[in-house]
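Structural description and commentary
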Amino acid sequence: MATQTFDPTPVTATVLYQDNVTTIADAIETGDDLWLTLPALHRAGGWELKPQGVCRDQICIPLPNGESSRYLRQEQGEQWFNLSAFARLIEQPLAHDSAHHAWSFGPPAWEWKARLTTRQAPDFTLADLQGRAYSLSSFHGKKVLLALWASW
Amino acid sequence: MDLPVWQAIREELAAKAFEVITVAEDTKGAEAAARYIQAANPTHPSLVDPTHVVAELYNTRNVPAVFWIDEEGRIVRANDPAFAVRRNPETGESMPNQPYLDALRNWADKGADSPYLHNEDTVSSRIGQQDWADVQAMAHFRLGTYLYQQGDEQAAVAQFKQAHALKPNNWNYKRQAWNLGDAQKDYGVNAQEARNDPAAQPFRLPLDLPLHP
């Protein structure tokens with residue numbers, strides 16, 4: 001939140017970023033916001049700060065004009081990036097537990113809004129009891145019965 | 001249990017380029033699912049999904065949820081609440097779900113000409129679109145799963161409750177969370193009663209099998 005004071009006492013935070021779980025030894029938390037150094041931003045979320053915006057793979061998100069202080073700040077000789085504000089920018093769901101310093105980020109808008117908009121079966125990779133990994137896509141050429149069940 | 005029946009139909013139809021993939025939506029992973037899988041002795045991929053990734057990707061809200069996927073990776077029948085075994089309410093006897101298995105046999109033989117396939121609109125309406133509350137609930141559910149795995153059950157319950165409030169008709173989130181601890185103490189819910197409450201029937205679509213293809 002913009003009104004929160006910036007408490008520059010780093011904590012050890014856990015960031016669940018879609019499939020990645022990363023422990024960040026020097027994170028700063030201000031209310032609903034999580035600030036990371038640029039190397040930690042890359043480790044946790046795969047993002048890099050570039051002149052054209054915040055980039056990952058082929059995607060670059062420009063930061064809104066005139067609002068850079070919401071996303072970036074200089075503190076203790078280090079540049080900090082507000083991953084929570086960025087999540088709001090890209091319509092990424094976010095949940096956090098302050099006692100555990102644990103932050104859970106879901107997919108960005110362009111991923112979750114594109115889900116199931118065609119009848120193409122979403123691919124996934126999971127392991128069996130022996131730890132062998134299988135991907136749905138490797139069964140191309142066969143008919144597949146995909147059955148979700150549970151013990152509960 | 002359903003898994004031995006899925007295994008049997010897999011063996012029966014394997015020569016027709018047919019495969020079964022089962023996915024256990026279980027936060028406790030192998031600890032919860034292994035005994036059922038081992039009892040079925042499967043020759044097909046029997047996968048374990050502790051973070052409910054597949055339920056998230058396919059927008060399912062309860063189990064069972066069964067999808068037919070064709071040779072091109074297209075969903076041709078969606079979100080069936082298909083139990084492989086059904087219990088006769090009069091005799092209490094459990095029998096394989098023959099109408100559903102026959103529908104599968106028909107698909108294995110006739111492919112795109114099978115009358116059991118859903119058209120594109122039906123597939124799309126049976127799956128639905130995710131909205132902001134869905135994905136926000138997923139972020140809470142994922143965090144609850146992490147906190148549970150870290151051993152803090154109370155912190156996990158708080159996150160699961162948020163997921164339940166955001167998506168009251170997601171029975172995966174409810175039934176999974178109730179099962180991890182004491183549903184009465186943690187959620188004020190009698191799980192058995194909740195499942196049988198006509199005012200809050202677990203979300204399941206009609207199976208919708210044509211009787212005479």
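Values in this document were obtained by computation on a predicted structure and should not be read as measured data. (Residues numbered from 1 in each chain as written. Chains lettered and ligands numbered in written order. Predicted model: local features only at pLDDT ≥ 70, side-chain atom pairs only at ≥ 80, totals over all residues. Heavy atoms only, no water.)

Some points on the state of the cysteines
Residue and element names in this part refer to chain A. Here is the rule: What counts as a disulfide here is a pair of cysteine sulfur atoms lying within 2.5 Å. Under the scheme applied here, a residue whose accessible area is under 20% of the maximum for its type counts as buried, over 50% as exposed, and between as partly exposed, the area being computed with a 1.4 Å probe on protein chains only.
For the structure shown, the criterion picks out one disulfide over all chains. Between the sulfur of C55 and that of C60 lies a disulfide, 2.0 Å long from S to S. Taking the torsion about the S-S bond as the criterion, the C55 to C60 disulfide, at about 110°, is right-handed. Here C55 falls in the buried class, since its relative accessible area comes to 3%.

Examining the packing of helix α6 (residues 132-149) of chain B against helix α8 (residues 171-180) of chain B
Residue and element names in this part refer to chain B. Basically, it comes down to this: Simply put, an axis is a line fit to the C-alpha atoms, just over the touching stretch for a helix, and the angle between two N-to-C directions goes from 0 to 180 degrees. Secondary structure counts use DSSP, requiring at least four H or I residues in a row for a helix and at least two E residues in a row for a strand, with both numbered from the N terminus. Roughly parallel covers angles under 35 degrees, roughly antiparallel covers those over 145, roughly perpendicular covers 65 to 115, and oblique covers all other angles. We call a crossing left-handed when the near helix sits turned anticlockwise from the far one by less than a right angle, and right-handed when that turn is clockwise. Contacts are assigned to residue pairs that have any heavy atoms within 4.5 Å of one another.
It is at 12 Å that the axes of α6 and α8 come closest, and there the two elements cross at 15°. Between α6 and α8, the angle falls in the class roughly parallel. For the crossing formed where α6 meets α8, the hand is left-handed. Two secondary-structure elements touch here, α6 through D134, A137, M138, F141 and Y148 and α8 through Y173, Q176 and L180.

Considering the packing of helix α1 (residues 3-13) of chain B against helix α2 (residues 30-40) of chain B
All names here are of chain B. Keep this limit in mind: Nonpolar residues are Ala, Val, Leu, Ile, Met, Phe, Trp, Tyr, Cys and Pro. Charged residues are Asp, Glu, Lys and Arg, and all others, Gly as well, are polar.
At their nearest, the axes of α1 and α2 sit 8 Å apart, and the two run at 40° to each other. With respect to each other, α1 and α2 are oriented oblique. Here the hand of the crossing between α1 and α2 comes out right-handed. On the side of α1, the interface is formed by L3, P4 and Q7, while α2 contributes Y36, I37 and A40. When grouped by side-chain class, the residues that make up the contact of α1 with α2 number five nonpolar, one polar and no charged.

Focus on the interface of chain B and chain A
Applicable threshold: The buried area of a pairing is the accessible area, by a 1.4 Å probe, that goes missing from both parts when the two are put together, added over both. When a carboxyl oxygen of Asp or Glu is within 4 Å of a side-chain nitrogen of Lys or Arg, the pair counts as a salt bridge. We call two N or O atoms a polar contact when they sit within 3.5 Å, provided that within protein one can donate a hydrogen and the other can accept it, with sequence-adjacent residues counted only if both atoms are side-chain atoms.
Taken together, the contact pairs 79 residues of chain B with 47 residues of chain A. A combined buried area of about 5700 Å² lies between chain B and chain A, and 64% of that area is made up of carbon and sulfur atoms. Run the count over chain B and chain A and you get two salt bridges. Residue K143(A) is joined to E71(B) by a salt bridge in which the shortest nitrogen-to-oxygen separation is 3.0 Å. Joining chain B to chain A, the criterion identifies 33 residue pairs in polar contact (both at pLDDT 80 or more).

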